[in-house]
Amino acid sequence: MPTEPTYLIVGASLCGAKAAETLREEGFGGTVIMLGSETERPYERPPLSKGYLLGKDDKSVIYVHEEGWYAEHGVDLRLGVTVASVDPAGRAVTTTDGDSVGYDRLLLATGASPRQLDIPGAARDGVMYLRTVGNSERLAAAFRGGGRVVTIGAGWIGLEVTAAAREAGCEVTVVEPEPTALYRALGPELGGMFADLHREHGVEFRFGESVSEIRGPGGRGLAGRVGEVVTSSGAVLPADVVVVGIGAVPNTGLAADAGLETGNGVVTDAALRTSDPNIYAAGDLASSYHPLLGRRVRVEHWANALNSGPAAARSMLGQDVTYDPVPYFFSDQYDLGMETAGLPEPGRYDQVLYRGDRQGREFIAFWLASGAVVAGMNVNVWDVTDDIQALIRSGKQVDPARLTDPDVPLTEV
Ligand SMILES: Cc1cc2nc3c(=O)[nH]c(=O)nc-3n(C[C@H](O)[C@H](O)[C@H](O)COP(=O)(O)OP(=O)(O)OC[C@H]3O[C@@H](n4cnc5c(N)ncnc54)[C@H](O)[C@@H]3O)c2cc1C
Ligand SMILES: NC(=O)c1ccc[n+]([C@@H]2O[C@H](COP(=O)([O-])OP(=O)(O)OC[C@H]3O[C@@H](n4cnc5c(N)ncnc54)[C@H](O)[C@@H]3O)[C@@H](O)[C@H]2O)c1
């Protein structure tokens, strides 16, 4: 009698958990095992820099599934288990405890880790990163009662944490080497809008500067608590807490050591297959060929983890999968909420147009390249992202007057 196949998922976060869910929804009757380093059951990270960090959301909001879901759906979830190596020829992984787990198909969903600051003093107490729920809880405790925060990096983590720190009553200075906030993600136009938003909330920015040293209070001591941050211009910034948000690095070690093709992530085709026919990759980890964009992309956002896990699961089941959604991400800072479709990185657009009230921060921004919309951001405007995504997907030339006229439906631009 043939034995049922085993599908193994390494990485028990949003991407892995949604893949497991899809395997069962699609009727897979074999064994599903999920191994994850963290001790919490799979959870979503967006609340960690927003509602949960602010103390507004209960911890229950973070979880992908109810506690009993895994057992009820025959998913063998093993937490606190780190995979040390993958043997593609033997179709097995080995954990750091020395256990071997075999598989017929393997999904790598090991995500990304915070890039580490490498300057003198970076290991001092009070220098904090944000990736896990434990990190979020420690930051919330550090912000309680105010104090002086220096944020290193004006990216997504830097800005969302800065907003939370301000709401907790902390003074915040942000150090960022680029000319403005979110420069690489959004370009100067909309990045500048986020910088202005934070300035209005009393945040000080030091753009065009990096950090060279983190010292103790009054510049004293080689170890111990943080007291001040020295920037590349020689400025000395007093700090009770330092938050580092200088990017994420994909956790490619397992794949690279196993001989899979890597390069800014684990390389996959549009069906999320790696260079090994039995191994798939998805979420923050995967650098996947994207037919719509015509290039490989690695998207480090929630919606990609949510949707690529299921796509990989269907691909593992032998279904014909082409994973090519318009990239999507969102953020909430103070009273500004936004959604962005597309990847409006500098160099990929030549024009920015607006529809709506920019002053009142209730508008849609469109990034265009050669007359076609390549990305769009709705700021405090809702229920338009599907229409924006359709515009991007169409690739058609648009009439700027109609695009910017709020009376013309986006479906008729
Ligand atoms: C604080 C924060 C806020 C965010 N907010 C937003 C937002 O507002 N909007 C948005 O679009 N995106 C947001 N993101 C991004 C989004 O959360 C990520 O894109 C998403 O978490 C990626 O999911 P993933 O499952 O691919 O990887 P991860 O979430 O990184 O999970 C990977 C898991 O694999 C585990 N793992 C790694 N190596 C091994 C191993 N060898 N063995 C076993 N397990 C392993 C890790 O411990 C981890 O649990 C945010 C991210 C953070 C950190
Ligand atoms: N709303 C969202 O989508 C959201 C929210 C939080 C986190 N995330 C994800 O979490 C991950 C980590 O976020 P992040 O903000 O760390 O990364 P990021 O890539 O968004 O931003 C990193 C920032 O740090 C700057 N930087 C790089 N090196 C620096 C240095 N030495 N000193 C000072 N600044 C430096 C960069 O110029 C950039 O502005 C990313 O994958 C991000 O997409 C997403």
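Heads up: the structure comes first, above all this text.
The structure contained in this document is the topic of the report that follows. (Residues numbered from 1 in each chain as written. Chains lettered and ligands numbered in written order. Predicted model: local features only at pLDDT ≥ 70, side-chain atom pairs only at ≥ 80, totals over all residues. Heavy atoms only, no water.)

1. Focus on the site of ligand 2
How we decide: Whether a residue is near a molecule or strand depends on its heavy atoms: if one lies within 4 Å, it is near. We define a polar contact as two N or O atoms separated by no more than 3.5 Å, with the added condition that, inside protein, one atom must be a possible hydrogen donor and the other a possible acceptor, whereas residues neighbouring each other in sequence contribute only through side-chain atom pairs. Helix and strand labels come from DSSP, where a helix needs a run of H or I of at least four residues and a strand needs a run of E of at least two; each type is numbered from the N terminus. Amino acid classes used here: Ala, Val, Leu, Ile, Met, Phe, Trp, Tyr, Cys and Pro are nonpolar; Asp, Glu, Lys and Arg are charged; the rest, including Gly, are polar.
Around ligand 2, the surrounding shell holds 19 residues, and the nearest of these are Glu160, Glu176, Gly247, Glu300 and Phe330. One of the side-chain nitrogen or oxygen atoms of His301 is found 2.8 Å away from an oxygen atom of ligand 2. Where the shell around ligand 2 is concerned, the elements lending two or more residues are helix H5 (156–167), strand E11 (170–176) and strand E22 (328–333). Looking at the shell around ligand 2 residue by residue, the class counts come to 9 nonpolar, 6 polar and 4 charged.

2. Quick look at the environment of Leu23
Convention followed: The cut-offs for exposure are 20% and 50% of the maximum accessible area for each residue type, with area from a 1.4 Å probe on protein chains only; residues under the lower value are buried, those over the upper are exposed, and the others partly exposed. In this analysis, two residues are considered to be in contact whenever any of their non-hydrogen atoms come within 4.5 Å of each other.
Topologically, Leu23 is positioned in helix H1 (residues 14–25). Take Leu23: its relative accessible area is 0%, and that puts it in the buried class. Each C-alpha atom of the pair Leu23 and Ala313 lies 5.8 Å from the other, and the pair is 290 residues apart in sequence. Residues contacting Leu23, with those up to four places away along its chain left out, are Tyr7, Ile9, Phe28, Val32, Ala313 and Leu317.

3. Overview of the nonpolar core
Note the cut-off: Side-chain atoms within 4.5 Å link the members of a nonpolar core, which is a set of buried Ala, Val, Leu, Ile, Met, Phe, Trp, Tyr and Cys residues.
By size, the foremost hydrophobic cluster in this structure holds 52 residues, and its most contacted members are Phe143, Leu186, Leu190 and Phe194. Among all residues touching Phe194, those that are not within four sequence positions of it are Leu159, Leu182, Leu186, Gln333, Leu336, Met338 and Met377.

4. A look at the pattern of salt bridges
One side chain can pair with another of opposite charge once the charged atoms of both are near each other. Put simply, the test is: A side-chain nitrogen of Lys or Arg and a carboxyl oxygen of Asp or Glu constitute a salt bridge if their distance falls within 4 Å.
Overall, the coordinates contain 21 salt bridges when judged by the stated rule. Between Arg45 and Glu38 there is a salt bridge, with its nearest N and O atoms 2.8 Å apart. Here Arg45 falls in the partly exposed class, since its relative accessible area comes to 21%. Looking at Glu38, the relative accessible area reads 27%, which means it is partly exposed. For Glu213, the salt bridge identified is with Arg215, shortest N-O distance 3.7 Å. The class of Glu213 is partly exposed, set by a relative accessible area of 30%. With relative accessibility at 24%, the residue Arg215 sits in the partly exposed group. Linked by salt bridges that have partners in common, Glu40, Lys59 and Glu137 make up one network.

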